Amino acid sequence: MFLLRTSMNLARVIQDRFRPALAGLVADPEPYVAMVKPTQDAKHGDYQANCAMSLSKTLGKKPRDIAQDIVARLDRGDLLEPPEIAGPGFINLRLQSSWLARQLQTMAADDRLGVAPAQPPKTFVIDFSSPNVAKPMHVGHLRSTIIGDALARLLRFLGHTVVTDNHLGDWGTQFGMILFGYKNFVHDNAFVQDPVRELSRLYVLVREISKAAEDDDEANDAESRTTLTAEGRQIAQLAADASRKETAKLHAADPENVRLWQLFMPHCMEEIERSYRRLDVKFDHTHGESFYNPMLRGVVESLLEQKVAEPGDDGAIIIRFTDKNVALVQKRDGAFTYTTSDLATIRHRMDAWHPDAILYVVDFRQALHFKNLFAAARCWGFDQVALEHISFGSVLGKDGKPIKTREGGAVELGALLDEAIERAAQVYDANVQESRDRGDDVPDLSDAERRQIHEAVGVGAVKYADLSQNRASNYVFDFDKMLAMNGNTATYMQYAYARNRSIFRKGNVDVARFRANPPPALLDTPHERALALQLLRLEEALARATEEYHPSEITSYLWDLSKTYSGFFQNCPVLKAETPALRDSRLLLCDLTARVIRLCLDLLGIRTVERM
RNA sequence: GCCCCCGUAGCUCAAGUGGAUAGAGCAUCUGCCUUCUAAGCAGAGGGUUGCAGGUUCGAGUCCUGCCGGGGGUACCA
């Protein structure tokens, strides 16, 4: 039998009831249907419809009368209690508890927890992480990696086809700097010992020198211009020129530079893969800039042919958006730029995967680049695909400035994760001791299990702290805060999950029964009803997270859920419930809560543990 | 100079397409462990949403100007 899965997006279910009611009043009901939304305050009910006030002007009637009219036309069915009209014309809605109870059973029996697959499914390419291979990954790559991975998991769960593609910086100017540095300043021993660290040192060395020339050029006042001696400026200029030359030679397939590139790459990749393993991040494809190199000449020719690009000053080739807004696609020395390579990437992705959308999870500072890139791509003929810059703010230190080590360098990702896990271990072990002293029933765990908890908690804390932030704003990286372990943190969720699982262990209850053949849910207390409602809002929350690609919608849903669950946990004894039916109902609520927490954390790329 | 983003409680952040008394956590204060893990729960105080106008039944949200912070602005990516 073919069963059409009914949506458990509660807002949408209620909106579907309002649509016919509103259709009798206005030509286009959609904007007004959309005004049905969750209440901010539970005393106003579960949902509210705010359309009556807006309709007042167009219909020339008093809002409260319109509200009255809408309610009269509304087919409540077995879904809603009789609505109340309040204030200027709010329609307050309350779902029938019996309806919630039935939905809960359906949800429990579904391995997707009632979340309907997207219709129609789309194909997304997600471009995230994109480290420069020349140096160890650092804190700057964290947000892109974490946010991109979470979005990939979310979209995939919703039934979309997702292609993750790591656009490695393995071919640009920074590689020219390394080549120049390696050829002139490499410490052979250091390179043998730890190739990536040595390459990183060389990169930083050359960049610092070259940047000095640039900075000095841009300095306006005589005072800062004198920071470099004439000789110093000359050296800086030479280094910058030499690096550019090495880049151009690499691009022109110079045998020696290609050989060095092939020598460096495996080491770099291994280093990067290590970070991804620790973060539980995987990519379907890793097509770095080098992959696109052979295509770049053709891209520029095509751009010229189609009059997207034009010759600029000094033999460069440019795309002109406005008088002052110009992007370079080929430099005067013949080297191509990231705009060229990004355009080649778009063409390749369109050919290979035919996506409906390409998402770029990249730092907000590249907003102008992407605006230009997308405009150029549309002009070049790719006007059917949705190109979106999923931008995010900087990671700041506690002082509010971009995060740095004490020495002023970038914080390396590996060291950062080490510290997170070590701090997590300290906090966890201390708390276990405290609980023991207090007489709590804390499980005895093996060292291996404790190690797993430390990792789950430490890495989870880093990820959750990042994802729970609105991605658009900068965020302050603070170990103490993310590992404080109360409030809206990964640990709170992981702990809520573990405590929940311990109920089933303690009662020797097999969860399978609550999934294969769920018992009826009894929602007579406010705590039980509130928990049921919150559980059923899962699909709505995931939909919201998808709309604007905001993983923080998932964390704020989780936070609401776990607070509601805490209220329930505090007030509703489960194993010692008054009747077997009530015990079953509460076990059902517990199991569903655990499954939802686990699913949501999984969509965020955060592990759960069964005991902690 | 021009363009973009951001200013919300002492601190870090929420607030759905404009909705009801702007919410959380931390910190401060008051209660709660002979009942399923107190990394918890219940409660209190704390706000001219940077400033000044405007739009309307209603503005943290939209518009204008100003102040403050950040970023970008053709040969880095």
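Quick caveat, the model's predicted, so the values are computed rather than measured.

### A look at the pattern of salt bridges
Then, number 1: Across all of its chains, the model carries 45 salt bridges by this definition.
Then, number 2: Salt-bridge contacts for aspartate 429 lead to arginine 450; the nearest nitrogen and oxygen are separated by 3.3 Å. You can see aspartate 429 sitting in helix H16 (residues 413–438) and its partner arginine 450 sitting in helix H17 (residues 447–467), a full 21 residues away along the chain.
Then, number 3: With a closest N to O distance of 3.6 Å, glutamate 540 and arginine 544 form a salt bridge. Of the two residues, glutamate 540 and arginine 544 are both situated in helix H22 (residues 538–547); the distance of 4 residues between them amounts to about one turn of the helix.
Then, number 4: Residue classification places glutamate 540 among the buried residues on the basis of a relative accessible area of 6%.
Then, number 5: Note on arginine 544: relative accessible area 32%, which makes it partly exposed.
Then, number 6: What emerges from the salt-bridge pattern is a single network uniting Asp280, Arg451, Glu455 and Arg607.

### Section: the sheet that holds strand E9 (residues 326–330)
Then, number 1: Taken in spatial order, the 3 strands make up an open sheet running E7-E8-E9, and their pairing is antiparallel. Each of the sheet's edge strands pairs with one partner strand only, and the pair in question is strand E7 (310–311) and E9.
Then, number 2: Relative to E9, strand E8 (residues 317–320) runs antiparallel, the two being bridged by 4 bridges. Bridging from a neighbouring strand, isoleucine 317 pairs with glutamine 330 of E9.

### As for the sheet that holds strand E4 (residues 90–93)
Then, number 1: Here we have 4 strands laid out as an open sheet, ordered E1-E2-E4-E3, and antiparallel in their pairing. Two strands close off the open sheet at either side, each with one partner strand: strand E1 (36–38) and strand E3 (84–86). Each strand axis lies, on average, 30 degrees off the axis of its neighbour in the sheet, ignoring direction.

### Things to note about the pairing of strand E6 (residues 161–165)
Then, number 1: Counting buried positions along E6 yields 4 of 5 residues, so the element is predominantly enclosed.
Then, number 2: With helix H6 (residues 142–157) bridging strand E5 (residues 123–127) and the parallel E6, this β-α-β connection has right-handed handedness.

### Quick word on the domain arrangement of chain A
Then, number 1: On domain assignment, one finds that chain A holds domain 1 (10–95) and domain 2 (170–274).
Then, number 2: The distance between the C-alpha centroids of domain 1 and domain 2 comes to 64 Å.

### A few points about the protein's contact with RNA strand B
Then, number 1: Surrounding RNA strand B, one finds 62 residues, the nearest of these being Asn92, Arg244, Lys331, Arg438 and Arg544.
Then, number 2: Within 4 Å of the protein, the contacting atoms of RNA strand B are 53% sugar and phosphate, with bases supplying the remainder.
Then, number 3: Within the contact set of RNA strand B, a base oxygen lies 3.4 Å away from a side-chain nitrogen or oxygen of serine 54.
Then, number 4: Here glutamine 469 contributes a side-chain N or O atom positioned 3.2 Å from a sugar or linking oxygen of RNA strand B.
Then, number 5: Going through the elements one at a time, helix H3 (51–59), E4, E9, H16, strand E13 (475–476), helix H19 (490–506) and helix H23 (552–571) are the ones with two or more residues in the surface near RNA strand B.
Then, number 6: Here the surface near RNA strand B gets 8 residues from one element, more than from any other, and that element is H19.

### Thoughts on the packing of aromatic side chains
Then, number 1: Per the counting criterion, the structure on display carries 20 aromatic pairs.
Then, number 2: Ring geometry for phenylalanine 175 against phenylalanine 264: centres 6.2 Å apart, planes inclined by 35 degrees, an arrangement best described as tilted. Remark: phenylalanine 264 occurs in helix H12 (residues 255–279) and phenylalanine 175 occurs in helix H7 (residues 173–185); sequence separation between them is 89 residues.
Then, number 3: The buried category is assigned to phenylalanine 175, whose relative accessible area is 1%.
Then, number 4: An aromatic cluster is defined as three or more aromatic residues linked by ring pairs; in this entry it consists of Phe175, Tyr182, Phe191 and Phe264.
Then, number 5: Above the plane of the ring of phenylalanine 157 lies arginine 112, whose end atom (NZ or CZ) is 4.5 Å from the centre.
Then, number 6: Above the face of the phenylalanine 504 ring, arginine 501 is positioned so that its terminal group lies 4.6 Å from the ring centre.

### As for the environment of leucine 542
Then, number 1: Within the element layout of this structure, leucine 542 appears in helix H22.
Then, number 2: On the basis of relative accessibility, which here comes to 1%, the residue leucine 542 falls in the buried class.
Then, number 3: Remark: the alpha-carbon pair of leucine 542 and leucine 158, spanning 384 residues in sequence, is separated by 8.5 Å.
Then, number 4: With sequence-adjacent residues up to four places away left out, leucine 542 is seen in contact with Val115, Leu154, Phe157, Leu158, Ile554 and Leu603.

### Some words on the environment of aspartate 16
Then, number 1: Counting through the fold element by element, aspartate 16 comes out in helix H1 (residues 10–23).
Then, number 2: Aspartate 16 gets classed as partly exposed once you look at its relative accessible area, which sits at 40%.

### Examining H17
Then, number 1: The end-to-end C-alpha distance of H17 is 30 Å, a good match for the 30 Å that 21 residues give at a rise of 1.5 Å each.
Then, number 2: The largest bend along H17 measures about 25 degrees and falls at alanine 461.

### Examining the side chain of aspartate 46
Then, number 1: Assignment of secondary structure puts aspartate 46 in the loop between E1 and strand E2 (47–49).
Then, number 2: When its relative accessible area of 6% is taken as the criterion, aspartate 46 is described as buried.
Then, number 3: Contact partners of aspartate 46, with chain neighbours within four places excluded, come to Pro38, Thr39, Leu93, Arg94, Leu95, Arg529, Leu533 and Arg537.

Parameters and conventions
Residues numbered from 1 in each chain as written. Chains lettered and ligands numbered in written order. Predicted model: local features only at pLDDT ≥ 70, side-chain atom pairs only at ≥ 80, totals over all residues. Heavy atoms only, no water. Salt bridge = Lys/Arg side-chain N within 4 Å of Asp/Glu carboxyl O. Helix = DSSP H or I, 4+ residues; strand = E, 2+ residues; numbered from the N terminus. Buried < 20%, exposed > 50% of the residue type's maximum accessible area, 1.4 Å probe, protein only. Pairing = 2+ DSSP bridges. Axes fitted to C-alpha atoms, helices over the stretch in contact; angles between N-to-C directions. Right-handed = clockwise from strand over helix to strand, strands pointing away. Domains from an automatic or database assignment. Near = heavy atom within 4 Å. Polar contact = N/O pair within 3.5 Å; in protein donor to acceptor, adjacent residues only side chain to side chain. Phe/Tyr/Trp six-rings, centres within 6.5 Å; stacked < 30°, edge-to-face > 60°. Lys NZ or Arg CZ within 6 Å of the ring centre and 35° of its normal. Contact = heavy atoms within 4.5 Å. Expected span 1.5 Å × (residues − 1). Bend = angle between axes of the 7 residues up to and from the residue.

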